[in-house]
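# Fold and geometry: a report
What follows is the residue order along each chain.
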Amino acid sequence: MKKKLLFFYLATVIPSVVVSQQPSRTVAGTVTGPEGLVAGVSVTAKVAGSQVATSFSGTYSIIADPQDTLVFNSIGYETQAVPVAGRTTVDVSLTPSTSSLDEVVVVGYGTQTRRNVTGAVAKVDMKQTENLPNTNVSQALRGRVAGVQFIDNGRPGQGGSILIRGQRSLSGGNNPLIIVDGIQFNGSINYLSPSDIQSMEILKDASAAAIYGSRAANGVILVTTKKGTSDKPSITLNANYGLSEWSKRVRLLSPERYLEKTLQMRKILGLDADPSKIREYLAPSEQLNYDAGKTTDPWDAISQQGKLANYDVSISGRTSNSNYYTSASIADDHGLIYGDFHKRHSVRVNIETQLTKWLQTGINASYLRRDLSGVNASIGQAAVASPYGTYYYEDGEPTLNTVEGESNSGNPMRSALLTRNEEIYNNLFSNFYFRIAVPFIKGLEYRLNYSPNYRWDHNYNFFRQDKHISQNTTTANKFFRQDFDWVYENILTYTRKIGERHSLDATLMYGRNHRGVEDTRANANQLSMDALGWNSLELGSLLTNTSSASQEDGVSSMFRLNYGFKDRYFATFTMRRDGSSVFSESHKYAIFPSFSAAWVVSDENFLADHDFVDFIKYRMSYGSVGNQAISRYQSLSLTSTSRYVFGDASPSFVGIFPSSMGNSELKWETTYTLNAALDFELFSQRLSGTIEWYKMNTHDLLVQRSLPTMSGFNSIWTNLGEIQNQGVELSLNTENIRTDAFSWSTNITFSKNSNKIISLYGSDTDNDGKEDDDLGNRWFIGHPIDVFYDFVSDGIYQTDDNIPANYKPGDRRFQDLNDDNKLDASNDRMVVGVGQPKYRLGLGNNISYKNFTFSIFLNSMLEWVGEFRKADPNSNFGGNYPARQLNQFDNGWWTAENKSNTAPSLGYNNPLQSSFYFNRDFIRIQDISLAYSLPENLLSRIHLKGLTLSASAKNLKTFTKWPGSDPESGEAIGFPMPRTISLGCNIVL
């Protein structure tokens, strides 16, 4: 019996033990997605505990048990768990994730899913702007990102200005740092072609931006260019053509109003003002046009047909070992003002190759040529041109003045027509990199970046001889500049998942950077022959030339640690050390630390029963970033040169003299930021968004402080004071309707920023117990940086008012703030307005029905004012002279018959030199787009992958009380904002 039991035990138990102890084996396979092979997918064997990542060709090989389960995880795709079931080959096809939490976010020196992000990072949806006639990348930011302010100036090829969470520096720049494909980009953001951009992220708080330390105090814009995504080559063609017109014309005096002005001014001056003799009151050249009934609208005289044309082609794809994207684009943009042109030609090549399983190399390179040649007509001269002016002689040559004998009536077209200009900018930017997956150390990777950037530009001008002037009017000059920058970085990253609960990745970076520039300018006046223009400057009778060169160097090191626990609790610690040659020996280096944490509250058990909650995450961060904010050599004492002549027969000698005082204690301007936020998704992702609160304090402001004359210098760079920015931001996305055939979604952005000066010089010279303001620079403690300080207008004196001495009916009335019955600059001026908006709003709606998509976007900025000196009717201060043959802004004027309470009399000469201010609030229908994509059944017949036709409008309508050119730019009389209607076509082969 015992033998039978032993036999049964050996026959049943031992085989089961053998089976359970079967050795692990190698399992291999290929991972694909909708567009082909997927590289970098994390593959984990649950039982064996091993982990690998798919290669560049989407393949993997992992040690796993026969009954193991492989988990495939990649940013942007749904996670899949696949049983091995004894197989040795397991191929998987991943499905793109529909949750925004799996959206890939570039965070600097790496990427994360939105779920794991702990800092304030805003992602720009480039798909929302792909059918719009944007001529530069920065227009995609205009009103679409909470806390980011882009001011468009309406000119072709010009980038406007970008401000992230308010002004932070008094004398230094407030422009954000631009990072392109992970590398600092010192050129203008306009050098980038919008069609090449895959994504843009905005780093707004210290935790997100501290990884870039130096120059990150004003925020960071991360630009990632496109790569190949399809196994088969994809050819994409884009064409866009549009026409532009003035969205608004500043109201000048019409011919009738011009004559009224002439009569009214003569009446004020006590001169004959008989309407029947109006011809006699005009200048002789005006009389000729008056007799002929000929008038000229100055805006018509300097206008040209605005248009834009953008064409680009790209070829992209990937093979088992390579990824490539190449593109070429042409843009031709004509502004609304004569001579205002912009042409852009660009080429880009992005190539990445997997040389071995552990070695990858790549290059991102672009060349761009911008042509801004041409001299635009003078808007300022057009604004004062008489409607009865003469612009051309009978032979077609431009006149010197539109009114003969009136020196201030310069012909706005003269310089544009007589000057030949060639202004060209070239930019060659590249990044060469190697990436090594260190063998035998799982998760360890080394990357080497070397990025040279060579820029060269020139500006040549030749003013030809005016045929109607006897003296020699020719001038010529040539300006040439070249910049050479390079960035060299060593980056070490280590990623590891410890068990089921812990995950971490660490990044170490050490790098150096260099910037060098040199330029030369040569001028020649009164050339003996003008046939060669700027190509023979030696023909000039008076020759001058200048040249300069400078360079600066920096060194950086950085450490960042990301830690996750239970995929629910996240923390990030960053430390960056920067050194810059612009500072003195004792202050060249600075350290910028930051810390942030996030908690995914929706994963907690106490929210498990709340079905309407999909995702809730709290974030908080604190840290510092730096701003060098000064030019090279500013911490040193500098000298300048000048030429001197001793006596009549003496040759000229070069003299050297001290020009600026150095400051060996000059150090970094530093911004400390506290940020708290809530990210949420509710109601099956129907409602999602982010609410952020921030408080930023900038210390050790770099300021050029005035010095007493007796010192021999005008000013000195120094550190002083403190500025605070505090605000709230809201980004809200809603899925209003979602069916198979129809969808409607809404995007809302709102931001409020309060900016104020906390401290300046720390002095109290008047002993009033309060720190002194800086009246000269208009900097006031407790007020924003950009303010207007003036007398407070209180209407217009009327004929029946109690009018004080030295005033008359029609003069402006001001408030006597200290009630001493007199007006003086010391006691009766105050801050009357702020030049930056307090609120910024954006509202976008996207509607899709079958193959049609429609989008509309509204942009608004509220609670700010602008100065408008041209509303001053009669003074040097406003530049208006109604007694002369000049035009001016038609703000109306007070008369005994038309008693205005806002516009003074033409006789008011503004003795207090007080300006005029108007509300700059606006709501603008900024973008409208309608697109149609051909269905797949039709595409297959014509052998295309995609075909989309679109029509769009930009700056369609602006609702505002601002009387100037545009409330956004704040121009009183400047370049007009174009209203553009365009047609577009996108073809994918």
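Criteria and thresholds
Residues numbered from 1 in each chain as written. Predicted model: local features only at pLDDT ≥ 70, side-chain atom pairs only at ≥ 80, totals over all residues. Heavy atoms only, no water. Helix = DSSP H or I, 4+ residues; strand = E, 2+ residues; numbered from the N terminus. Rg over C-alpha atoms; globule rule 2.2 N^0.38 Å. Buried < 20%, exposed > 50% of the residue type's maximum accessible area, 1.4 Å probe, protein only. Contact = heavy atoms within 4.5 Å. Polar contact = N/O pair within 3.5 Å; in protein donor to acceptor, adjacent residues only side chain to side chain. Expected span 1.5 Å × (residues − 1). Pairing = 2+ DSSP bridges. Axes fitted to C-alpha atoms, helices over the stretch in contact; angles between N-to-C directions. Phe/Tyr/Trp six-rings, centres within 6.5 Å; stacked < 30°, edge-to-face > 60°. Lys NZ or Arg CZ within 6 Å of the ring centre and 35° of its normal. Domains from an automatic or database assignment. Core = buried A, V, L, I, M, F, W, Y, C linked by side-chain atoms within 4.5 Å. pLDDT = per-residue confidence, 0-100. Salt bridge = Lys/Arg side-chain N within 4 Å of Asp/Glu carboxyl O. Patch = residues over 30% accessible without salt bridge, like charges linked within 9 Å, V, L, I, M, F, W, Y side chains within 5 Å. Areas by Shrake-Rupley, 256 points an atom, 1.4 Å probe, with all protein chains shown as cover.

## Topic: the overall build of the chain
The helix and strand inventory of the chain stands at eight helices and 47 strands. Computed over the C-alpha atoms, the radius of gyration of the chain is 34 Å, within 12% of the 30 Å expected from 2.2 N^0.38 for a compact globule of 989 residues. Each of the 989 residues in the chain was classed as buried or not, and the buried ones make up 49%. Across the chain, contacts joining residues at least 24 apart in sequence account for 67% of those joining residues at least 6 apart.

## Some points on the side chain of Asn910
Summarising the element assignment, Asn910 is placed in the loop between strand S43 (865-867) and strand S44 (917-919). With relative accessibility at 0%, the residue Asn910 sits in the buried group. Only 2.8 Å separates the side chain of Asn910 from the backbone oxygen of Ser914, close enough to count as a polar contact.

## Notes on helix H3 (residues 255-268)
Under the 1.5 Å per step criterion, the end-to-end length of H3 is 20 Å for 14 residues, consistent within 8% with the ideal 20 Å. Burial in H3 covers these residues: Pro255, Tyr258, Leu259, Lys261, Thr262, Leu263, Gln264 and Met265. Buried residues along H3 sit against helix H4 (284-291). Gly270 sits one or two positions beyond H3 and adopts a positive phi of about 80°.

## Some remarks on the sheet that holds strand S7 (residues 80-83)
The four strands lie next to each other as S4-S3-S6-S7, forming an open sheet whose pairing is antiparallel. A strand with exactly one partner marks an edge of an open sheet, and here the two such strands are strand S4 (51-53) and S7. Strand-to-strand, the axes of this sheet are offset by a mean angle of 20°, without reference to chain direction.

## Comments concerning the sheet that holds strand S14 (residues 177-180)
With respect to topology, five strands assemble into an open sheet ordered S11-S16-S17-S14-S15, the strand pairing being mixed. Strands with a single pairing partner mark the edges of an open sheet, and in this sheet they are strand S11 (121-124) and strand S15 (183-184). Both S14 and S15 contribute to a ladder of two bridges, which runs antiparallel. Within S15, the position partnered with Ile179 by the bridge is Gln184.

## So, the packing of aromatic side chains
In the structure shown here, the tally under the stated rule is 24 aromatic pairs. Between Phe583 and Trp668, the ring centres sit 5.0 Å apart and the planes meet at 40°, which makes this aromatic pair tilted. Placement of the pair is Phe583 in the loop between strand S28 (569-580) and strand S29 (589-600) and Trp668 in the loop between strand S32 (652-660) and strand S33 (669-682), with a sequence separation of 85 residues. On the accessibility criterion, Trp668 (4% relative accessible area) is buried. Each residue in the set Phe868, Phe889, Phe918 and Trp962 is aromatic and connected to the rest through ring pairs, giving one cluster. Looking at Arg577, its charged tip hangs above the ring of Tyr589, at a distance of 4.1 Å from the centre. The ring of Tyr797 is capped by Arg813, whose NZ or CZ atom sits 5.5 Å from the centre of that ring.

## Things to note about the environment of Ile278
Note on placement: Ile278 falls in the loop between H3 and H4. Sequence separation between Ile278 and Leu259 is 19 residues, and the spatial gap between their C-alpha atoms is 7.3 Å. If sequence neighbours within four positions are ignored, Ile278 has contacts with Leu259, Thr262, Leu263 and Tyr290.

## Notes on the domain arrangement of the chain
For the chain, the domain assignment lists domain 1 (24-98) and domain 2 (101-228). A C-alpha centroid distance of 34 Å is found between domain 1 and domain 2.

## Things to note about the environment of Glu867
With respect to the helices, strands and loops of the structure, Glu867 is situated in strand S43. What makes Glu867 partly exposed here is its relative accessible area of 27%. Sequence spacing of Glu867 and Gly970 is 103 residues, and the spatial spacing of their C-alpha atoms is 8.2 Å. Here the side chain of Glu867 touches Arg869 through a polar contact of 3.0 Å, side chain to side chain. For Glu867, the side chain forms a polar contact with the side chain of Ser915, separated by 2.8 Å.

## Overview of the nonpolar core
By size, the foremost hydrophobic cluster in this structure holds 26 residues, and its most contacted members are Leu141, Leu192, Met200, Ile202 and Ile221. Mapped by element, the contributors of at least two residues to this core are S11, strand S12 (148-151), strand S13 (161-164), S14, strand S16 (197-203) and strand S17 (220-225). If we skip the residues at most four places from it in the chain, Leu192 touches Val137, Val180, Phe185, Ile197, Val223, Arg348 and Leu368. One finds Val105, Leu177, Leu203 and Ala210 within the second-largest nonpolar core, a separate group that totals 22 residues.

## Some points on the confidence of the model for the chain
Looking at the chain, pLDDT values average 89 and 96% of them are 70 or higher. Here residues 1-21 scores under 50 on pLDDT; set against residues more than four positions off or in separate chains, the count is two contacts.

## Observations concerning the pattern of salt bridges
If you walk through the whole model with that rule in mind, you get 41 salt bridges. The partner of Glu352 in a salt bridge is Arg435, and the shortest N-O contact between them spans 3.5 Å. Pair noted here: Glu352 is in strand S21 (residues 341-354) and Arg435 is in strand S23 (residues 419-437), with a separation of 83 residues, a long-range link. Across this residue pair, the class does not change: Glu352 and Arg435 are buried. Arg924 is the partner of Glu968 in a salt bridge, and the nearest nitrogen-oxygen pair spans 2.6 Å. Placement of Glu968 in the loop between strand S46 (946-960) and strand S47 (978-988) and of Arg924 in strand S45 (residues 922-933) is noted, with a sequence separation of 44 residues between them. A cluster of three or more residues bridged by salt bridges with shared partners is formed by Arg165, Lys204, Lys617, Arg619, Asp679, Glu692 and Glu729.

## Side note on unusual backbone geometry
Although it is not a glycine, Gln526 adopts a positive phi angle of roughly 55°. Along the polypeptide, Gln526 turns up in strand S26 (residues 502-527). With a phi angle near 55°, Ser684 is a residue other than glycine that sits in the positive phi range. Within the secondary structure, Ser684 is located in the loop between S33 and strand S34 (687-706).

## Overview of the pairing of strand S6 (residues 69-73)
Pairing of strand S3 (residues 42-45) with S6, which is carried by four bridges, proceeds in the antiparallel orientation. Each residue of the ladder has a partner; that of Thr44, found in S6, is Val71.

## With respect to a nonpolar patch on the surface
Taken together, the side chains of Met620, Tyr622, Tyr672, Leu674, Ile691, Trp693 and Val728 make up a nonpolar region of the molecular surface, amounting to roughly 600 Å² of accessible area. At the level of secondary structure, the elements contributing two or more residues to the nonpolar patch comprise strand S30 (613-627), S33 and S34. Within the secondary structure, Ile691 sits in strand S34.

## Some points on H4
Considered for burial, the residues of H4 that qualify are Ser285, Glu286, Gln287 and Asn289. Elements in contact with the buried residues of H4: H3. Of the residues one or two after H4, Gly293 is the one with positive phi, at around 65°.

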